[in-house]
Amino acid sequence: TFLDAAGLPAPERMQGRSLLPVLEGRTPPDWRKSFYYHYYEYPQPHHVRPQYGVVTDRYKLVHFYYDADYWEMFDLQKDPEELRSVFGQKEYAGEQQYLEHELSRLRVELKDTNADTPLIMGVGGTNYDYLNGETRVRPARTMPSTNYNR
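Residues numbered from 1 in each chain as written. Predicted model: local features only at pLDDT ≥ 70, side-chain atom pairs only at ≥ 80, totals over all residues. Heavy atoms only, no water.

### Considering the side chain of Gln 51
Note on placement: Gln 51 falls in strand β2 (residues 51-55). Judged by its relative accessible area of 9%, Gln 51 falls in the buried class. A polar atom in the side chain of Gln 51 sits 2.8 Å from the side chain of Tyr 37. Filtering out sequence-adjacent residues up to four positions away, Gln 51 remains in contact with Tyr 37, His 38, Tyr 39, Val 62, His 63, Phe 64 and Tyr 65. (Helix = DSSP H or I, 4+ residues; strand = E, 2+ residues; numbered from the N terminus. Buried < 20%, exposed > 50% of the residue type's maximum accessible area, 1.4 Å probe, protein only. Polar contact = N/O pair within 3.5 Å; in protein donor to acceptor, adjacent residues only side chain to side chain. Contact = heavy atoms within 4.5 Å.)

### Comments concerning the environment of His 38
Mapped onto the elements, His 38 comes out in strand β1 (residues 35-39). Judged by relative accessible area, His 38 falls into the buried class, the value being 18%. Taking the C-alpha atoms as reference points, His 38 and Gln 51, 13 residues apart in sequence, are found 5.8 Å from one another. A distance of 3.5 Å separates polar atoms of two side chains, one belonging to His 38 and the other to Tyr 36.

### A look at the confidence of the model for the protein chain
A residue-level look at the protein chain finds 75% of positions with pLDDT of 70 or above and a mean pLDDT of 80. Here strand β5 (residues 119-121) stands out as the least confident element of the protein chain, with mean pLDDT 43; strand β4 (residues 70-75) is the most confident, with 97. Taken together, the stretch residues 118-150 has pLDDT below 50 and engages in 88 contacts with residues farther than four places along the chain or on a different chain. (pLDDT = per-residue confidence, 0-100.)

### Examining the sheet that holds β2
The strand order β1-β2-β3-β4 describes an open sheet built from four strands, whose pairing is antiparallel. For this open sheet the edge positions go to β1 and β4, each flanked by a neighbour on one side alone. Neighbour-to-neighbour, the strand axes of the sheet open up by a mean angle of 15 degrees, direction not taken into account. Of the strand pairs in this sheet, strand β3 (residues 59-64) and β4 are connected by six bridges, and their pairing is antiparallel. Residue pairing in the sheet places His 63 in a bridge with Trp 71 of β4. Packing against the sheet, helix α3 (residues 93-109) makes contact with β1, β2, β3 and β4, and its axis sits at approximately 115 degrees to β2. (Pairing = 2+ DSSP bridges. Axes fitted to C-alpha atoms, helices over the stretch in contact; angles between N-to-C directions.)

### Some thoughts on the side chain of Lys 60
Looking at the element boundaries, Lys 60 is found in strand β3. Since its relative accessible area comes to 16%, Lys 60 is described here as buried. Looking at Lys 60, its side chain comes within polar contact range of the side chain of Glu 82, at 3.2 Å.

### Some remarks on the environment of Asp 67
Relative to the helices and strands, Asp 67 resides in the loop between β3 and β4. Distance in space between the C-alpha atoms of Asp 67 and Arg 49 is 8.2 Å, their sequence separation being 18 residues. Excluding residues that lie within four positions of it along the chain, Asp 67 makes contacts with Tyr 42 and Arg 49.

### Topic: the pattern of salt bridges
Per the stated rule, a full pass over the model turns up seven salt bridges. Here Glu 102 and Arg 105 are joined by a salt bridge, their closest N and O atoms 2.8 Å apart. With Glu 102 and Arg 105 both in helix α3 and three residues apart, this pair spans about one turn of that helix. Residue class for Arg 105 comes out partly exposed when judged on its relative accessible area of 39%. As a salt-bridge pair, Glu 109 and Arg 105 come within 2.7 Å of each other at their nearest N and O atoms. Linking Glu 109 with Arg 105, this pair stays in helix α3, spanning four residues, or about one helical turn. Overall, the relative accessible area of 45% leaves Glu 109 in the partly exposed class. Linked by salt bridges that have partners in common, Glu 102, Arg 105 and Glu 109 make up one network. (Salt bridge = Lys/Arg side-chain N within 4 Å of Asp/Glu carboxyl O.)

Below you can see the structure in the form of structure tokens.
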């Protein structure tokens, strides 16, 4: 955004898009409907378990990794405090599948597909690796129940 405002090109290695059109009131038609995030500074300074995920206006899908390996999904409209995971529940299967694909797409787009965090779990126990843009199916793993109150 700052480079764009200054009329300078962004380096190839820089990820993301300029906010300048949005700030000028010209939101592009292909502007994102989801947001990718990745917390990896662990155990210091924030004491947040390593995780990455995708957030939309209604849902959040999170993969915890490093010293744990589990998924959570939240319906932010019904559960804004994120107290009850709906990951794996039948009534959310369509939304979960969409979020899994969106998460994979964003990780590839943003070049965040290193060997430490390659696993994307698919609906029905299908796991996918998205390494260097290559897709491979992996054997399914059992995920622990994550419905609890924090």
